Amino acid sequence: MSWHPKIPLHVFVFLVPGVLIYTIFSAWPLIDTLLLSLYEQDDSGARHFVGLANYNILLFDNEWSNGFWNAMWNNLKFFVIHMLVQNPISLLIAALVSNRMLKGANTYRTLIFFPTLLSVVIVGFIWQLILNPLWGVSETLLGYIGLDDYFDAWLGMEPTALITIALISVWQFVGIPLMLIYTALLGIPDELSDAAYVDGASPRRIFWKIKLPLILPTLGLVSILTFIGNFNAFDLIYSIKGGLAGPNFSTDILGTFFYRTFFGFQSSLGSPTMGATVAAMMFFVILVAVMIYFYLVQRKLQRYQL
Amino acid sequence: MASVSLKNIHKSFGKIEVIKDVSLEIESGEFVVFVGPSGCGKSTLLRLICGLEEITSGVLEIGNENVTSLSPRQRGIAMVFQSYALYPHMTVYKNMAFGLKTAGEDKSKIDQKIRDAAKVLQLDQLLNRRPAELSGGQRQRVAIGRAIVREPRVFLFDEPLSNLDASLRIQMRIEISRLHESLDCTTIYVTHDQVEAMTLADKIVVLSEGKVEQVGTPMSLYNEPANLFVAKFIGAPAMNLIQAHTKAPLEDNEPRYINAEISGKSVRLPCLSYNYKDNQNLTVGIRPEHINILGEDQKTQILEEDLQLPVVIDLVERLGDVSYLYIHMEDGTPVVVTVSGQSKLNIDKKINLHIPATKIHLFNESGERIM
Amino acid sequence: MFSSLFNSSKNRGNSAFIHLFLLAYTLLALFPVFLIIINAFKTRKGIFNDPLALPTSATFSTKGFEKVMANSDFFHYFSNSLIITLGALFFILLLGAMIAWALSEYKFFGSSFMRFFMAIGIIVPIRLGSVSILETIVSLDLVNTKTALILVYIAQGLPMAVFILSEFMAQIPKELKEAARCDDVSEYKIFFQIILPLTRPAIATVAVFSIIPIWNDLWFPLILAPGEEARTVTLGVQQFIGQYVTDWNSVLASLTLAVVPVLILYMIFSKHIIRGLTAGAVK
Ligand SMILES: Nc1ncnc2c1ncn2[C@@H]1O[C@H](COP(=O)(O)OP(=O)(O)O)[C@@H](O)[C@H]1O
Ligand SMILES: [Mg+2]
């Protein structure tokens, strides 16, 4: 190796093919996108450096900022619903199925995980059909528990569309935090819960006082993964609501907003530079969350040697 | 302090029976050690007494009260686990307080109990540390402390010293022994190490494959092992076992002896009561420390009925205080002899073994002791 | 574990409650899929008159499937997805293992930077670089090709693979490679003949984490390969349904065609998948 004497040839050979592909198709595009957000493209396709002008437009020019903040706000709601519904359900199910004395625990775990494997697109369509008032399946089913009066075309109504989509996403993805938490719970030695049981603690107290504190790092991880997943979501809304994220943009989140900005929709043309600006904003949001995770959550939540 | 009584206890995991009809009486204040090879069911038996496993059938009484279906808490026991099972996210103090808080005791009382126990176990300086910041021996003491503060009627220990290194193990062994003296609490202690069993126990229970092989004081097990299993298990190095078979004429007129053949040689074996027939298999047991070497030890008194065997030394292991001679008999049976550490005996030397008849253990074909 | 948990009559009630809850949730997880599949085999009338009923001889119909077959090239999409997923997976595993080995075994100038550089890809979604990725793919003249998708998915999957595999490789006993080095075996041979076979247990984990997002992705097919030639199942179903929204038979049939292979594979491999996901914590 002549170009860098400190790296032996075989290390170079091991690294190069993978790192090259990763750099060209992942790392560089990210950096390039950040750079591109500082440019403007004119009708001839030529690009000019404009500094932070695109950000100024995106964040403060009403024509853009309304849409952006709407998407941001919706995305935050989308995330909060996941945190409040998906993760507690995952925790509860994981706690129940990690009990070795529970008969059929593995079967429950395996079956409940299944929807996670399906394509988001497929899931979107499945629920679109099921919630379709024309078909009436949901109404019939709700009728069995006497709730049919509450049924409505939830996906089509502004106040409920986003919540409904978020819950569909929860339905699909419960399996992921479930597996992470389940793995963490299995990692806690049986002797610890045995000891607590001998100490007179009830299963509930053992869970709250022994197990939960020990899996806090995993819950932190689940939270940040949920955040990244949610602030990068696109497929579900696109497949249910299309690029326009209706009704009236009430289900628009950053992913769909990015798509429209970049590719355009209906009559309006897309703009690579504004698209890059939206992507850069998404990057910064995720970056801030990750930093908060590392500096607060990760530092405070000590990982205990089990 | 309470007595513990096991009556026909069985335990099965699915179809596999792990504990087979164990009955046992443990007196109040007694230090009982369950000993046996790995996998024989010691832990399971302890966990049954603890209430961590459900008893398949049988009755368990603690302090003359039937506790078979009570929870560990209601049984009034505390357990020290092999891995210590300290709560990693709690300080030493909180580890010890957890059980008391669960029971709803008031804070100042809890504090008092913890400080008392900490003093006894020299944990005063460590109360605010987390388990990860403690050495193995300190963790062990915390685990014991956590049991002590509960003021249990019965203490259970599951191989508590097996994670410590050799020197610490001896030190903790002495500490546990001393603790038992001062607390005077009924203690059941599980180990696979017969030295621990011998040194700690008032009473040893030898287990094998889920059954009780023998119950007795350490010395009675050493002196009179009830069967081959116990004979092999208690004592280090293990008892030498030599195959023999009875041989006519069976001296009916002199019932103190039987004729037998060991490794092709005719010998007379002392025997008190044996329904002997011709050509029956026997096992002769003799502890390495009970074999003398003729000419080595001046004081050896040879009686008429003692055995004498000429052999060659294969190997000498010198431990300092004692040396072990490894020898094989003509039919290949290995024999170990313990001699003084100062002995000059060396490999390949021809010697005459002297086996005093009074030290011989005799087991019948099914392994039971007949003398 | 303390079995007495389920001993007393009170706890037995408790456990019945637990089963009830888990059963209800399992039903919730599976019923929608079940509903789609049974209705895919019904006539339009059957679908609407009694959606919850299994197909009967009166309502049985495979019209939907016939239409899907006639109007879309489903098997073509399917084979595209298969080629793309397996192609990307192969390179993710091979190249990922190579990087992981380089990072976990050798200390070299810039090795910690390289570790950080790869970690970025775990945290930052690759989608955010789409604008630039598209431009690169256009300039390489790879639009509407499977190659484009494979390359992007390799880049997407590598960071996680490197992370998982290097954690795993760090646990391989030193003696193994040192023994080989004493015999003057080349570093390449050590990797390919000693290390790679030993990483097999971790490969299940990497495979699960790679395959699922690639197979199910909509974004990159939509952006990089929307044309007929390289269309994946996910995109194909999305576009087909968009076209035939009102034709319930076709919609249900196409959804069923997309779900059933996954369902069958899961039935076969669920143990491996779960073991992979939980990194071996489940035996
Ligand atoms: N929860 C269990 N399920 C099934 N078999 C068990 C269980 N616990 C212990 N065993 C079996 O019971 C036997 C005795 O185990 P144990 O009591 O742990 O032995 P010891 O402590 O003497 O080494 C072993 O064969 C072990 O495999
Ligand atoms: Mg044990």
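Above this note sits the structure.
Residues numbered from 1 in each chain as written. Chains lettered and ligands numbered in written order. Predicted model: local features only at pLDDT ≥ 70, side-chain atom pairs only at ≥ 80, totals over all residues. Heavy atoms only, no water.

Novice: Tell me about the overall build of chain C, and please be specific about residues and values.
Specialist: Summing up its helical and strand segments, chain C has 13 helices and zero strands in all. When the helices and strands of chain C are placed in sequence order, the string is α-α-α-α-α-α-α-α-α-α-α-α-α. Taken over C-alpha atoms, the radius of gyration comes to 24 Å for chain C, far larger than the 19 Å a tight globule of 283 residues would show. Along the first, second and third principal axes, the C-alpha atoms of chain C reach 75 × 70 × 30 Å. Taking the contacts inside chain C whose residues are at least 6 apart along the sequence as the reference set, 69% of them involve residues at least 24 apart. About 12,700 Å² of surface is accessible on chain C, with carbon and sulfur atoms providing 67% of the total. Looking at charge distribution, chain C has the averaged site of its 20 positive side-chain charges lying 13 Å from that of its 16 negative ones. (Helix = DSSP H or I, 4+ residues; strand = E, 2+ residues; numbered from the N terminus. Rg over C-alpha atoms; globule rule 2.2 N^0.38 Å. Contact = heavy atoms within 4.5 Å. Areas by Shrake-Rupley, 256 points an atom, 1.4 Å probe, with all protein chains shown as cover. Lys, Arg positive; Asp, Glu negative; His and termini not counted. Charge placed at Lys NZ, Arg CZ, Asp CG, Glu CD.)

Novice: Report on unusual backbone geometry, specifying residues and quantitative values.
Specialist: All names here are of chain B. The linkage connecting Ala236 with the following residue, Pro237, adopts the cis geometry, with an omega of -5°. The residue Pro237 is located in the loop between helix H9 (228-233) and strand S11 (240-246) in this model. Of note, the phi angle at Glu159 is positive, near 40°, even though the residue is not glycine. Relative to the elements of secondary structure, Glu159 occurs in the loop between strand S7 (154-158) and helix H6 (166-183). Of note in the backbone geometry, Asp184 takes a positive phi value of approximately 55° without being a glycine. Along the chain, the position of Asp184 falls in the loop between H6 and strand S8 (186-191).

Novice: Describe the pairing of strand S14 (residues 281-286) of chain B, listing the residues and the values that go with them.
Specialist: Residues and elements named next belong to chain B. The element S14 is extensively covered by neighbouring structure, given that five of its six residues are classed as buried. Bridging between S11 and S14 involves six bridges; their strand directions are antiparallel. In the strand pairing of S14, Ile242 is matched with Val284. Of the pairings in the sheet, the one linking S14 to strand S20 (residues 361-363) comprises three bridges and is antiparallel in character. Looking at S20, one finds that Gly285 is bridged to His361. (Buried < 20%, exposed > 50% of the residue type's maximum accessible area, 1.4 Å probe, protein only. Pairing = 2+ DSSP bridges.)

Novice: Got a sec to walk through the interface of chain A and chain C? Specific residues and values, please.
Specialist: Taken together, the contact between chain A and chain C spans 94 residues of the former and 92 residues of the latter. Counting each side, the surface lost to burial between chain A and chain C is near 8,700 Å², with a carbon and sulfur contribution of 80%. For the chain A face of the interface with chain C, the top three residues by lost area are Phe14, Phe25 and Trp135 of chain A, together amounting to 11%. Where chain A touches chain C, the interface holds two salt bridges. Across the pair Arg127 of chain C and Asp235 of chain A runs a salt bridge, and its minimum N-O distance is 3.0 Å. Linking chain A to chain C there are 14 residue pairs in polar contact (both at pLDDT 80 or more). For the side of chain A that touches chain C, the element with the most residues is helix H1 (residues 9-36) of chain A, which contributes 21 residues. (Buried area = accessible area lost by both parts, 1.4 Å probe. Salt bridge = Lys/Arg side-chain N within 4 Å of Asp/Glu carboxyl O. Polar contact = N/O pair within 3.5 Å; in protein donor to acceptor, adjacent residues only side chain to side chain.)

Novice: Can you explain the packing of aromatic side chains? Please cite residues and give values.
Specialist: Scanning all chains against the criterion turns up 45 aromatic pairs over all chains. Here Phe68 of chain A and Trp69 of chain A contribute two aromatic rings whose centre-to-centre distance is 5.2 Å and whose plane-to-plane angle is 75°, an arrangement assigned as edge-to-face. Note on Phe68 of chain A: relative accessible area 0%, which makes it buried. We classify Trp69 of chain A as partly exposed; its relative accessible area is 43%. Note on Phe78 of chain C and Trp215 of chain C: the rings are 5.4 Å apart at their centroids and 75° apart in plane angle, and the pair reads as edge-to-face. In this pair, Phe78 of chain C sits in helix H4 (residues 74-105) while Trp215 of chain C sits in helix H10 (residues 200-216), placing the two residues 137 residues apart along the sequence. Look at Phe78 of chain C and you get partly exposed, because its relative accessible area is 22%. (Phe/Tyr/Trp six-rings, centres within 6.5 Å; stacked < 30°, edge-to-face > 60°.)

Novice: Could you give an account of a negative patch on the surface, naming the residues involved and the relevant values?
Specialist: On the surface, Glu139, Asp148, Asp149 and Asp152 of chain A cluster together into a patch of negative charge. In this fold, Asp149 of chain A is placed in the loop between helix H6 (137-144) and helix H7 (158-173). (Patch = residues over 30% accessible without salt bridge, like charges linked within 9 Å, V, L, I, M, F, W, Y side chains within 5 Å.)

Novice: Help me get a handle on the site of ligand 1, residues and values and all.
Specialist: Residue and element names in this part refer to chain B. Within the structure, ligand 1 sits among Phe13, Val18, Pro37, Ser38, Gly39, Cys40, Gly41, Lys42, Ser43 and Thr44. Here Gly41 contributes a backbone N or O atom positioned 3.1 Å from an oxygen atom of ligand 1. At 2.6 Å, a side-chain N or O of Ser43 approaches an oxygen atom of ligand 1. Compared with its free state, where it exposes 560 Å², ligand 1 has 55% of that area covered by protein. If one sorts the elements of the shell around ligand 1 by residue count, helix H1 (residues 42-50) sits on top with three residues. A class-by-class count of the residues in the shell around ligand 1 yields four nonpolar, five polar and one charged. (Near = heavy atom within 4 Å. Nonpolar A, V, L, I, M, F, W, Y, C, P; charged D, E, K, R; others polar.)

Novice: Quick rundown of the nonpolar core? Include the residues and the values.
Specialist: Counting residues in each nonpolar core, the largest one holds 234 residues, and the members touching the most others are Phe34 of chain B together with Leu255 of chain C. Among the elements that line this core, the one with the most residues is H4 of chain C, at 15 residues. With residues near it in sequence (within four places) discarded, Leu255 of chain C still touches Ile122, Phe125, Ile126 and Leu129 of chain A together with Ile36, Val237 and Ile241 of chain C. Counting residues in each nonpolar core, the second largest holds 46 residues, with Val35, Leu100, Ile110 and Leu179 of chain B among its members. (Core = buried A, V, L, I, M, F, W, Y, C linked by side-chain atoms within 4.5 Å.)

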